[in-house]
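Now for the letters of each chain:
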Amino acid sequence: MSITYPEALDLRARLVHLPMPEGVDRAQFNALLTAGVRDVLLAELDALDEIRAIKDAAVEVSQAIEWREAGRRIATRRQWLAANPWAIRRPM
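Report on the accompanying structure. Within each chain, residues carry numbers counting from 1 in the order of the written sequence. It should be noted that, the model being predicted, local features are given only for residues of pLDDT at least 70 and side-chain atom pairs only at 80 or more, the latter also being counted only at that level, while totals for whole chains, interfaces and linings use all residues. The basis for every side-chain value is the complete set of non-hydrogen atoms in the structure, without hydrogens or water.

1. Focus on the overall build of the chain
Heads up, the rule is: A run of DSSP states H or I qualifies as a helix once it reaches four residues; a run of E qualifies as a strand once it reaches two. Both are numbered from the N-terminal end. Between the two quantities, the radius of gyration covers C-alpha atoms and the globule rule is 2.2 Å times the number of residues to the power 0.38. Each residue is placed in one exposure class: buried if its accessible area under a 1.4 Å probe, protein chains only, is under 20% of its type's maximum, exposed if it is over 50%, and partly exposed if it falls in between. The criterion used for residue contact is that any of the two residues' heavy atoms lie within 4.5 Å.
Scanning the chain from terminus to terminus reveals three helices and zero strands. Secondary structure elements of the chain occur, N-terminal to C-terminal, as α-α-α. In terms of C-alpha radius of gyration, the chain reaches 29 Å, well past the compact-globule figure of 12 Å for 92 residues. In terms of principal-axis extent, the alpha carbons of the chain reach across some 90 × 35 × 15 Å. Relative to its 92 residues, the chain shows a buried fraction of 9%. Contacts in the chain between residues at least 24 apart in sequence constitute 39% of all its contacts with a sequence separation of at least 6.

Here's what the structure looks like:
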């Protein structure tokens, strides 16, 4: 089960003021809660970095091709196939 950053913050806010059993240091408990929230935040930021990296790669690939030339080649091929229907491959 995964928890989001806003959910982690809400959970921390609900737990931070719980009565502490004897022998439990409130500062250490707060530090543990804060570390958990930080870990959730870092996991979400890592996921965003992965998404951005994928998007950047897609943009780079799309910019690597001359789209006008690709469109011209596709149009030329379609025209040629329309003029030469015998060359169209069809499944048997």
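2. Some points on the packing of aromatic side chains
To keep it simple, the criterion reads: When two rings of Phe, Tyr or Trp (its six-membered ring) have centres within 6.5 Å they constitute a pair, described as stacked for plane angles under 30 degrees, edge-to-face for angles over 60, and tilted for the intermediate range.
The final tally for this structure, using the stated rule, is one aromatic pair. Centroid distance W80 to W86: 5.9 Å. Interplanar angle 70°. Geometry classified as edge-to-face. W80 sits in the partly exposed class, given a relative accessible area of 44%. A residue is classified by how much of its surface remains accessible, and W86, at 68% relative accessible area, is exposed.

3. A look at the environment of R12
Summarising the element assignment, R12 is placed in helix α1 (residues 5–15). The exposure class assigned to R12 is partly exposed, which follows from its relative accessible area of 25%. In the structure, R12 is positioned 24 residues away from G36 in sequence and 8.7 Å away in space, judged by C-alpha atoms. Setting aside chain neighbours within four positions, we find R12 in contact with N30, L33, T34 and V37.

4. Structural notes on a nonpolar patch on the surface
Applicable threshold: Within the patch definition used here, like charges are joined within 9 Å and nonpolar side chains (Val, Leu, Ile, Met, Phe, Trp, Tyr) within 5 Å, considering only residues with over 30% relative accessible area and no salt bridge. Accessible surface is estimated by sampling points in the Shrake-Rupley manner with a 1.4 Å probe; for residues, cover comes only from the protein chains shown. In the sections that follow, a salt bridge refers to a side-chain nitrogen of Lys or Arg positioned within 4 Å of a carboxyl oxygen of Asp or Glu.
A cluster of nonpolar side chains, contributed by L42, L45, L48 and I51, occupies part of the molecular surface with about 330 Å² of accessible area. Its place among the elements puts L45 in helix α2 (residues 26–64). Assessed through its relative accessible area of 39%, L45 is described here as partly exposed.

5. Quick word on the environment of L9
Inspection of the secondary structure puts L9 in helix α1. Measuring from C-alpha to C-alpha, the distance between L9 and V37 comes to 6.3 Å, with 28 residues separating the pair along the chain.

6. Considerations on the pattern of salt bridges
This structure, assessed with the given rule, holds three salt bridges. One salt bridge in this structure joins D10 and R14, with 3.2 Å as the shortest N-O distance. Taken together, the positions of D10 and R14, both in helix α1 and four residues apart, correspond to about one turn of that helix. A residue is classified by how much of its surface remains accessible, and D10, at 43% relative accessible area, is partly exposed. Overall, R14 belongs to the exposed group, its relative accessible area being 56%. Here E69 ties to R72 by a salt bridge, and the two come within 2.4 Å at their closest N and O atoms. Placement of both E69 and R72 in helix α3 (residues 67–83) is noted, with a separation of three residues, approximately one turn of the helix. Judged by relative accessible area, which is 45%, R72 ranks as partly exposed.

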